[in-house]
Amino acid sequence: MARKAVIARERKREKMVAKYAKLRAELKAKGDYEALDKLPKNSSKVRLHNRCQLTGRPKGYMRQFGISRVTFREMALKGLIPGITKASW
């Protein structure tokens, strides 16, 4: 499980990106790079990192489910993800 502070920091970045998205798009369209430079660094979308919604794990993230591979495996084995079964042949 990731530290609570790291998860909170990522949530804060997500809010900031949403807040400045429209303004950033307008400034980019105008080509006003000086004004873009004055915006907060964390308002840029490229600074976001995908994390597991349940544990906050940054690596092994599966976009389709929004969770890490470890959490996915645990949930799949318990039958918590509909339509997912363990392969055996």
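Structure: see above.
This one's a predicted model, so the numbers in the text were calculated from it and none came from an experiment.

How each quantity is defined
Residues numbered from 1 in each chain as written. Predicted model: local features only at pLDDT ≥ 70, side-chain atom pairs only at ≥ 80, totals over all residues. Heavy atoms only, no water. Helix = DSSP H or I, 4+ residues; strand = E, 2+ residues; numbered from the N terminus. Buried < 20%, exposed > 50% of the residue type's maximum accessible area, 1.4 Å probe, protein only. Salt bridge = Lys/Arg side-chain N within 4 Å of Asp/Glu carboxyl O. Contact = heavy atoms within 4.5 Å. Arc of directions from axis to C-beta.

Colleague: Let's hear about the environment of Ala 18: which residues, and what values?
Modeller: As for its placement among the helices and strands, Ala 18 is situated in helix α1 (residues 4-30). On the basis of relative accessible area, Ala 18 is assigned to the exposed category, the value being 59%. Sequence separation between Ala 18 and Ile 84 is 66 residues; the distance between their C-alpha atoms is 33 Å.

Colleague: Account for the pattern of salt bridges, with residues named and values stated.
Modeller: Using the criterion set out here, one finds 2 salt bridges in the structure. With a closest N to O distance of 3.5 Å, Arg 13 and Glu 10 form a salt bridge. Linking Arg 13 with Glu 10, this pair stays in helix α1, spanning 3 residues, or about one helical turn. In this pair, the class of Arg 13 matches that of Glu 10, namely buried. In this structure, Arg 11 engages Glu 14 in a salt bridge whose closest nitrogen and oxygen atoms are separated by 3.5 Å. Remark: Glu 14 and Arg 11 occur in helix α1; sequence separation between them is 3 residues, near one turn of the helix. With relative accessibility at 39%, the residue Arg 11 sits in the partly exposed group.

Colleague: Give me the lowdown on the environment of Pro 40, citing residues and values where you can.
Modeller: If you trace the backbone, Pro 40 turns up in the loop between α2 (33-38) and β1 (61-62). According to the relative accessible area criterion, Pro 40 is partly exposed, its value standing at 29%. Along the primary structure Pro 40 and Val 17 are separated by 23 residues, whereas in three dimensions their C-alpha atoms are 9.5 Å apart. Setting aside chain neighbours within four positions, we find Pro 40 in contact with Met 16, Tyr 20 and Arg 24.

Colleague: Can you break down helix α3 (residues 69-78) residue by residue, with the values?
Modeller: Buried residues of α3: Thr 71, Phe 72 and Ala 76, and no others. The buried residues of α3 all sit within an arc of 130° when viewed along its axis, so they share a single face. Turned more than 90 degrees away from the buried face of α3 sit Arg 73, Leu 77 and Lys 78, all of them exposed. Against β1 and β2 (67-68) lie the buried residues of α3. Positive phi appears at Gly 79, one or two residues downstream of α3, with a value of about 80°.

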